[in-house]
Structures are given as C-alpha cells and as structure tokens.
Amino acid sequence: MRLWTLHPRYLDARGLVALWREALLAKRVLQERTRGYRHHPQLERFRAHSDPLLAIDAYLAAVHGEAEHRGYSFDARKIGARGDARRIAVPRGQVAYEWRHLLAKLRVRDPARRRRLARMERPAPHPLFRIVAGDVASWERR
C-alpha cells in the first residue's frame, strides 16, 4: 500500500488508478471493515488525525479530482463526508524520499513523464498535507 504524500498530478495513469484503489482499501481499514492491512504503517498518519475518516475522504476527494481532470471515471459515491479536514504535517524528507521513489518507478513505466518531472526541485504535496522540516517519516518502510 502506498498512499502518496505527493500531489496525485505527478502520477502516471497506472499509479493514479492504483492510488485510488489503495486509498479505498485504506478507508475500509479505518472503518474496520477488513481484516488485512490493519497495521499498515502508511495508515499511522491518518489514525493520528482527529477525524481519520474525514482525512481519508479528503485524501480520496483530491485523487478523484485529479482523475476527473484527466477524464477518468472514478466513482465519487465511494467518498464519504466532505469537509475541511485539518491538514497533516509531513516532513520535507518524506516528500523528497517519495519523489525519488516515484521517479524510479516512472523510469520504467513512463519515461517521458519522468523526463518532464525530473527537472522539478520541489514537488507539491497532496492537498491534505503540509510540509514541515524533517527527515523521512517514522512510518515509512524503506
């Protein structure tokens, strides 16, 4: 499971579809509607939020927005309550780590996209997150 801290606009088609599926799985886990992935470290930041379900729905809403922008048809009915979720702090080192990870994936899956993105020095985070000083997050499994 990879719930990208990066803005979904950077993902290739395969990555965006995978993110949608994995975020929906994360929502089911947070709702305690699945047995698997209950202890997945990517969920720690959502569980630490004052309203984890509102946070995952805000996360899904941004992914859905990117999908709509690209002309994809993701089912918005799978997103629950819409509201302003308090943004989650994420260390700058985490964003840098994920950026390198994404560029490595794109080297194989979408070299043209990788070439366009490789020039960026400071990629934007997903709208749910705000960047703060720090290294790679403690929940990241390298």
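These figures come from a predicted structure and were not determined experimentally.

> What is the right way to look at helix α1 (residues 13-30) in this model?
For an α-helix, the turn length of 3.6 residues means that residues three or four places apart are oriented alike. Its 18 residues give α1 an end-to-end C-alpha distance of 26 Å, which sits within 8% of 26 Å, the value for a rise of 1.5 Å per residue. Those residues of α1 that are buried lie in contact with α2 (44-47), α3 (52-69) and α4 (92-109). Where α1 terminates, the next one or two residues include Glu 32, which has phi positive at roughly 60°.

> How should the side chain of Gln 42 be read in this particular structure?
Structurally, Gln 42 is set in the loop between α1 and α2. Looking at Gln 42, the relative accessible area reads 3%, which means it is buried. There is a polar contact of 3.3 Å between the side chain of Gln 42 and the side chain of Arg 45. Apart from the residues within four sequence positions on either side, Gln 42 is in contact with Met 1, Arg 2, Leu 3, Trp 139 and Glu 140.

> Just checking my understanding: could you explain the nonpolar core for this structure?
Soluble globular proteins tend to pack their nonpolar side chains together in the buried interior. In this structure, Leu 3, Phe 46, Tyr 59, Leu 102 and Leu 128 are the most contacted members of the largest nonpolar core, which totals 36 residues. Breaking this core down by element, the ones donating at least two residues are α1, α3, β1 (88-91) and α4. Ranked by residues supplied to this core, first place goes to α1 with nine residues. Apart from the residues lying within four places of it in its own chain, the contact partners of Tyr 59 are Leu 3, Trp 4, Leu 19, Ala 23, Phe 46, His 126, Leu 128 and Phe 129.

> Can you walk me through the pattern of salt bridges in this structure?
Close approach of charged atoms allows side chains of opposite charge to pair. Scanning the entire structure with this criterion turns up eight salt bridges. Across the pair Glu 44 and Arg 141 runs a salt bridge whose closest N-O atoms are separated by 4.0 Å. In this pair, Glu 44 sits in helix α2 while Arg 141 sits in the segment after β2 (129-132), placing the two residues 97 residues apart along the sequence. The class of Glu 44 is partly exposed, set by a relative accessible area of 37%. Of the charged contacts in the structure, one is a salt bridge between Asp 110 and Arg 113, with a shortest N-O distance of 3.6 Å. A residue is classified by how much of its surface remains accessible, and Arg 113, at 16% relative accessible area, is buried. Salt bridges sharing partners connect three or more residues here, namely Arg 2, Glu 98 and Glu 140.

Cut-offs applied
Residues numbered from 1 in each chain as written. Predicted model: local features only at pLDDT ≥ 70, side-chain atom pairs only at ≥ 80, totals over all residues. Heavy atoms only, no water. Helix = DSSP H or I, 4+ residues; strand = E, 2+ residues; numbered from the N terminus. Expected span 1.5 Å × (residues − 1). Contact = heavy atoms within 4.5 Å. Buried < 20%, exposed > 50% of the residue type's maximum accessible area, 1.4 Å probe, protein only. Polar contact = N/O pair within 3.5 Å; in protein donor to acceptor, adjacent residues only side chain to side chain. Core = buried A, V, L, I, M, F, W, Y, C linked by side-chain atoms within 4.5 Å. Salt bridge = Lys/Arg side-chain N within 4 Å of Asp/Glu carboxyl O.

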